[in-house]
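Commentary on secondary and tertiary structure
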Amino acid sequence: MAPVPFPDIAKPANDLLGKDFYHTASANLEVKSKAPNGVQFTVKGKSDHKQGAIAGSIEAKYTDKPTGLTLTQAWTTFNALDTKIELDNTLANGLKAEILTQFLPASKSKGAKLNLHFKQPLFHARALFDLLKGPSFNGDAVVGHDGFLAGAEVGYDVNDGRITRYSVAVGYSIPEYTAAITATNNLSVFSASYYHRVNTLVEAGAKASWDAQSSSQPSLEIATKYKLDSAAFVKAKINNQGIAALAYNQLLRPGVTLGLGASIDTHRLNESAHKVGLSFTLEG
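Attention in this report is confined to the structure presented alongside it.

Some remarks on the overall build of the protein
- Looking only at helices and strands, the protein features 1 helix and 19 strands.
- A compact globule built from 284 residues would reach a C-alpha radius of gyration of about 19 Å, and the protein, at 21 Å, matches this within 12%.
- Looking at the 284 residues of the protein, the share that counts as buried comes to 29%.
- When contacts within the protein are restricted to residue pairs at least 6 apart in sequence, those whose partners lie at least 24 apart make up 26%.
- Accessible area for the protein stands at about 17,000 Å²; split by element, carbon and sulfur atoms hold 60% of it.
- Put simply, the protein has 28 plus and 25 minus side-chain charges, and the middle of one group is 4 Å from the middle of the other.

A look at the nonpolar core
- Within the largest apolar cluster, 7 residues are counted, these being Phe6, Ile9, Ala10, Val142, Leu149, Ala169 and Ala180.
- The contacts of Ala10, once residues within four sequence positions are left out, are Ala180 and Ser193.
- Listed in part, the 5 residues of the second largest apolar core include Ala13, Leu16, Tyr195 and Ala223.

Digging into the environment of Leu104
- Mapped onto the fold, Leu104 is located in strand E6 (residues 95-104).
- Look at Leu104 and you get partly exposed, because its relative accessible area is 24%.
- Put simply, Leu104 and Thr77 are 27 residues apart on the chain and 11 Å apart in space, counted from C-alpha to C-alpha.
- Beyond its immediate sequence surroundings of up to four residues, Leu104 is in contact with Phe78, Asn79, Ala80 and Ser109.

Digging into the pairing of strand E10 (residues 148-157)
- Burial along E10 is one-sided: Leu149, Gly151, Glu153, Gly155 and Asp157 are buried, while Phe148, Ala150, Ala152, Val154 and Tyr156, pointing the other way, are not.
- Where strand E9 (residues 136-145) hands over to E10, the hairpin turn is made up of 2 residues, of which Asp146 adopts a positive phi near 55°.
- The sheet contact formed by E10 and strand E11 (residues 162-173) spans 10 bridges and is antiparallel. Within the sheet, the bridge partner assigned to Ala150 lies in E11 and is Val170.
- Hairpin connection from E10 to E11: 4 residues lie between these consecutive antiparallel strands, with Gly161 at a positive phi of about 65°.

Some thoughts on a nonpolar patch on the surface
- There is a patch of nonpolar side chains on the surface, built from Val154, Tyr156, Val158, Ile163, Tyr166, Val168, Leu187, Phe190 and Trp210 and spanning about 760 Å² of accessible area.
- Of all the secondary structure elements, the ones that give two or more residues to the nonpolar patch are E10 and E11.
- In terms of residue count, the dominant contributor to the nonpolar patch is E11 (3 residues).
- Within the fold, Trp210 resides in strand E14 (residues 202-211).
- On the accessibility criterion, Trp210 (40% relative accessible area) is partly exposed.

Some points on the environment of Phe103
- Tracing the backbone shows Phe103 in strand E6.
- A residue is classified by how much of its surface remains accessible, and Phe103, at 28% relative accessible area, is partly exposed.
- Residues Phe103 and Thr72, spaced 31 residues apart in sequence, show a C-alpha to C-alpha distance of 14 Å.
- Aside from chain neighbours lying at most four places away, what touches Phe103 is Asn79, Ala80, Leu81, Lys108, Ser109 and Lys110.

Re the pattern of salt bridges
- Counted under the stated rule, the structure contains 12 salt bridges.
- Among the salt bridges present, the one from Lys32 reaches Glu30, with a minimum N-O distance of 3.5 Å.
- For Glu30, a relative accessible area of 17% gives the class buried.
- For Arg268, the salt bridge goes to Glu271, with nearest N and O atoms at 3.0 Å.
- You can call Arg268 partly exposed: its relative accessible area is 38%.
- The network of salt bridges with common partners includes Lys84, Glu86, Lys96 and Glu98.

Here is what the cut-offs are and how they apply
- Residues numbered from 1 in each chain as written.
- Predicted model: local features only at pLDDT ≥ 70, side-chain atom pairs only at ≥ 80, totals over all residues.
- Heavy atoms only, no water.
- Helix = DSSP H or I, 4+ residues; strand = E, 2+ residues; numbered from the N terminus.
- Rg over C-alpha atoms; globule rule 2.2 N^0.38 Å.
- Buried < 20%, exposed > 50% of the residue type's maximum accessible area, 1.4 Å probe, protein only.
- Contact = heavy atoms within 4.5 Å.
- Areas by Shrake-Rupley, 256 points an atom, 1.4 Å probe, with all protein chains shown as cover.
- Lys, Arg positive; Asp, Glu negative; His and termini not counted.
- Charge placed at Lys NZ, Arg CZ, Asp CG, Glu CD.
- Core = buried A, V, L, I, M, F, W, Y, C linked by side-chain atoms within 4.5 Å.
- Pairing = 2+ DSSP bridges.
- Patch = residues over 30% accessible without salt bridge, like charges linked within 9 Å, V, L, I, M, F, W, Y side chains within 5 Å.
- Salt bridge = Lys/Arg side-chain N within 4 Å of Asp/Glu carboxyl O.

Put into structure tokens, the structure is as follows:
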């Protein structure tokens, strides 16, 4: 089996620390449906805490499994028209090609990208080309063996003829736990993360980061997830700045999921520094 792509080397810990915490938006709504011909529709809306502005999108996705073709089109409240064409295992075995375009009618701005993903046993590589801006190239590769992972990433500006970014990462991943060390932002931001599936009900993880170019102290964040039953779970996390977050996820009925979240600044309990959020996901 192919290893994970470079951005996912620390994914289990990052997901535990970042996903399903609903305080990041005051309200979030997601509606998913599927037409008889297989076209999938997704409507999303989110209201932020600062201004109450609502950002949303409507997306249609069609997949032709025999040919490996997937077509996705979306329209956002920023008046952006996004199109994504995917060809999976069509051009070559293990190769996935993506063409992404964006058009902003108000400013006539255009964007076009070409992404290539190549997977083989013990190897996973990606080449990401921004065809109109730069043009620029970002590439990464990961090799894996017996749970051990090692990867590197590089960015290159074609016009300037210079390397714009580089990163490296190593990790160890098995179903029960994952550990990873990454050095990103030109080897100036260092992170170490750990994820542990304690049992079928409990998950735990932590992440420490340090920016060598900043005068700030290293940051530390720990999180846990507890599965109440087959339809509900709770999550909690806290960082070294005293920001604690709680989340509750409940499947109300098949296709209807409720999420509740809160963030509390434990150093400013008497101030309005806390956040709450609500999320609804409807699937039909």
